Amino acid sequence: MGGTPATSESAGDGATEVLPSPGPSPPPPRLPIWPLALMFGLVPIWWLAGAFYLGWPLLGAVLLALLLVRGRVPLPPGAGIWLLFLAVVLVSATQLGSPNSVLTFGLRLGFYATALVVGVYVYVVTRERAGNGGVLLPLCAFWLGLVALGWLSVLAPRLGMTTPVEALLPGAIADEPFVHDMVHLSTAEYSARSLNPIYRPAAPYAYTNNYGSVYAMLLPCVVAVIMLRRRGVLRWLLLGSLPLSLAPAFLTLNRAMFLSLGVGLLVLGVRAGRRGNTRVAISIVGVVLVALLATVFIPVTQLIEDRVGSSGTNTDRLALYRAVLGRVGESPWLGYGAPVNVDTVSAQAPIGTQGQLWMVLFSHGIPALLCFLAWFVVAALCCARAASPAGQWLAIVPVVCLVQIPFYGMANQNLAIAFYVIAFAMARTERELARGHVSRLPAALRGAVE
């Protein structure tokens, strides 16, 4: 029977008065997309201001405030694992060796927490919108900014300047190497002491490895948006940006970027073959052919060999990794709180850098590392259920991240970008599975469920 359920209440004269029961509570207000556009779509502006790094957790706080005001927030799969990771990281602060390391610890913790906030926000926004392709528009703007700044790095590799944020910071903080790298504007990484330096695009990041890392994460996302949008200016803009993006990406000479993308495309190809999805297979062939064509003009293999041959990058990395393994046994549960500088290895970088796996293991201990890896494994398994071509492209992003974790640091904006794409893929996959379940119901019941 329809209608509003009723309840009975005894009146003062012994009669029974029938009162309508309160109706269902109104749904919470929809979250806006503009905060995501502010955070991810204005990257060139944040970079020029020197606020790209230090301002990132503050922008994440805006998203958190909107989530708290909304209330009744559903969490994406695996959120509990990441909350446990954050708890272990917070407790590991007890292991910090000096007051100076508190600032960098707080900033890294801010990046870890901001990633979860971004993931929850995107997950909710995607679930609220039926035509959810627009949720990825801020990431498309991020991608276009990345390509533009990448070309600036190619054309003006020695460009550098003091930013407004750097000028406003106290000298003691601004001169801290870790902070200086984040607030001082530079377009490319190179050795100023070399007579023939190799310029590797980095902007808007402080380090070129971060550029290569995010490129590998965003490329599947861009292809997915192109598949979702059959027409329009944005589709053609993204199509044109793909070949343009190859020059700055290849010139980063990031081997792990190529490796992670290669593994991701291999996984995508295997899944497409098993499901007989010719559209995905054709898109993979198209991306690979464009990349191979670019190698005709950019001898990337020779450039990588020259760089490896003229530097001790492999030796330095292995020395740092051995140092982490040698010291983790002394503090396996909570680590040391942060990377540390030592003079016992040839590398100039601190122990606990040159890869997120080693940073988490050294700084926060084995339990934190297990939580970190577990979240990406759960994400990969959840996203792997995607059925649509766009969903299958998005599903390789956690695979790309898992390949990068031993080689690239992710305690930066890239972690939030990974959560962004993965949360969108999770919500979209859930909708695809729900629609598939509805389509198998009898016609009489299908309309009621939908």
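Residues numbered from 1 in each chain as written. Predicted model: local features only at pLDDT ≥ 70, side-chain atom pairs only at ≥ 80, totals over all residues. Heavy atoms only, no water.

Draft legend 1. Quick peek at the overall build of the protein chain. In terms of regular secondary structure, the protein chain is built from 21 helices and six strands. With 450 residues in all, the protein chain has 49% of them scored as buried. Once local pairs closer than 6 in sequence are excluded, the contacts in the protein chain between residues at least 24 apart make up 78%. Just so you have it, the protein chain exposes about 20600 Å², and 67% of that area is on carbon and sulfur atoms. (Helix = DSSP H or I, 4+ residues; strand = E, 2+ residues; numbered from the N terminus. Buried < 20%, exposed > 50% of the residue type's maximum accessible area, 1.4 Å probe, protein only. Contact = heavy atoms within 4.5 Å. Areas by Shrake-Rupley, 256 points an atom, 1.4 Å probe, with all protein chains shown as cover.)

Draft legend 2. Structural view of the packing of aromatic side chains. In the structure shown here, the tally under the stated rule is 22 aromatic pairs. Plain terms: the ring middles of Tyr 321 and Trp 358 are 4.4 Å apart, the flat faces sit at 15 degrees to each other, and that makes the pair stacked. Taken as a pair, Tyr 321 in helix 15 (residues 313-327) and Trp 358 in helix 16 (residues 356-364) lie far apart in primary sequence, 37 residues in all. Residue classification places Tyr 321 among the buried positions, given a relative accessible area of 11%. Here Trp 358 falls in the buried class, since its relative accessible area comes to 13%. By the ring-pair criterion, three or more aromatic residues cluster together here, those being Phe 40, Phe 52, Tyr 53, Trp 56, Phe 111, Phe 142, Tyr 205 and Tyr 420. One Lys or Arg, Arg 108, reaches over the ring of Phe 178 and ends 4.7 Å from the middle of that ring. Seen from the ring of Trp 236, Arg 235 lies directly overhead, with NZ or CZ sitting 5.9 Å from the centre. (Phe/Tyr/Trp six-rings, centres within 6.5 Å; stacked < 30°, edge-to-face > 60°. Lys NZ or Arg CZ within 6 Å of the ring centre and 35° of its normal.)

Draft legend 3. Seen up close, the nonpolar core. In this structure, Phe 40, Trp 82, Phe 85, Tyr 112, Phe 376 and Trp 393 are the most contacted members of the largest nonpolar core, which totals 128 residues. Of the residues forming this core, the biggest block, 15 residues, is contributed by helix 5 (residues 100-128). In contact with Phe 376, not counting residues within four places along its chain, are Trp 82, Pro 398, Cys 401, Leu 402, Ile 405, Met 410, Leu 415, Ala 418 and Ile 422. (Core = buried A, V, L, I, M, F, W, Y, C linked by side-chain atoms within 4.5 Å.)

Draft legend 4. Structural context of the confidence of the model for the protein chain. Residues of the protein chain with pLDDT of at least 70 account for 89%, and the chain-wide mean is 88. Per-residue pLDDT stays below 50 along residues 1-9; that stretch engages in 17 contacts with residues further than four places along the chain or on separate chains. (pLDDT = per-residue confidence, 0-100.)

Draft legend 5. Up close: the packing of helix 3 (residues 56-70) against helix 5. Running from N to C, helix 3 and helix 5 cross one another at 45 degrees; their axes reach a closest spacing of 9 Å. The orientation of helix 3 with respect to helix 5, classified from their angle, is oblique. Taken as a pair, helix 3 and helix 5 cross one another with a handedness that is left-handed. Contacts from Trp 56, Pro 57, Gly 60, Leu 63, Leu 64, Leu 66, Leu 67 and Arg 70 of helix 3 reach helix 5 at Leu 107, Gly 110, Phe 111, Thr 114, Val 117, Val 118, Val 120, Tyr 121, Val 124 and Glu 128. Among the residues forming the contact of helix 3 with helix 5, the class breakdown is 13 nonpolar, three polar and two charged. (Axes fitted to C-alpha atoms, helices over the stretch in contact; angles between N-to-C directions. Parallel < 35°, antiparallel > 145°, perpendicular 65-115°, else oblique. Left-handed = near helix turned anticlockwise from the far one by under 90°. Nonpolar A, V, L, I, M, F, W, Y, C, P; charged D, E, K, R; others polar.)

Draft legend 6. Quick peek at the side chain of Arg 129. If you trace the backbone, Arg 129 turns up in the loop between helix 5 and helix 6 (137-155). Overall, the relative accessible area of 13% leaves Arg 129 in the buried class. Of the polar contacts made by the side chain of Arg 129, one reaches the backbone oxygen of Leu 31; its length is 2.9 Å. What Arg 129 contacts, discounting residues up to four positions off in sequence, is Arg 30, Leu 31, Pro 32, Ile 33, Val 135 and Arg 431. (Polar contact = N/O pair within 3.5 Å; in protein donor to acceptor, adjacent residues only side chain to side chain.)

Draft legend 7. Layout of the packing of helix 4 (residues 79-91) against helix 5. Axis separation between helix 4 and helix 5 bottoms out at 10 Å; the angle between their running directions is 170 degrees. Our classification of the angle between helix 4 and helix 5 gives roughly antiparallel. In contact with Ala 79, Trp 82, Leu 83, Phe 85, Leu 86, Val 89 and Leu 90 of helix 4, helix 5 contributes Phe 105, Leu 109, Tyr 112, Ala 113 and Leu 116. Here the contact of helix 4 with helix 5 is composed, by residue class, of twelve nonpolar, no polar and no charged.

Draft legend 8. Looking closely at a nonpolar patch on the surface. A contiguous nonpolar patch, built from Val 285, Val 288, Leu 289 and Leu 292 and spanning about 340 Å² of accessible area, is present on the exposed surface. You can see Val 288 is positioned in helix 13 (residues 278-297). (Patch = residues over 30% accessible without salt bridge, like charges linked within 9 Å, V, L, I, M, F, W, Y side chains within 5 Å. Salt bridge = Lys/Arg side-chain N within 4 Å of Asp/Glu carboxyl O.)

Draft legend 9. Region of interest: the environment of Trp 375. Within the element layout of this structure, Trp 375 appears in helix 17 (residues 366-383). For Trp 375, a relative accessible area of 4% translates into the label buried. A C-alpha to C-alpha distance of 9.4 Å links Trp 375 and Pro 398, two positions 23 residues apart in sequence. Not counting residues within four places of it along the chain, the set of residues in contact with Trp 375 comprises Pro 77, Gly 78, Ala 79, Ile 81, Trp 82, Phe 419 and Ile 422.

Draft legend 10. Broad picture of the pattern of salt bridges. A complete count under the given rule lists four salt bridges for this structure. The residue Arg 127 makes a salt bridge to Glu 430 at a minimum N-O spacing of 3.4 Å. On the criterion of sequence distance, the pair formed by Arg 127 in helix 5 and Glu 430 in helix 20 (residues 413-439) is long-range, its members being 303 residues apart. Across the pair Glu 128 and Arg 129 runs a salt bridge, and its minimum N-O distance is 3.6 Å. Each of Arg 70, Glu 128 and Arg 129 takes part in one network of salt bridges that share partners.

Draft legend 11. Representation of helix 15 within the structure. Taking 1.5 Å per residue as the helical rise, helix 15 with its 15 residues ought to reach 21 Å, and the 21 Å between its terminal C-alpha atoms agrees with that figure. Those residues of helix 15 that fall on the buried side of the exposure criterion are Thr 313, Arg 317, Ala 319, Leu 320, Tyr 321, Ala 323 and Val 324. (Expected span 1.5 Å × (residues − 1).)

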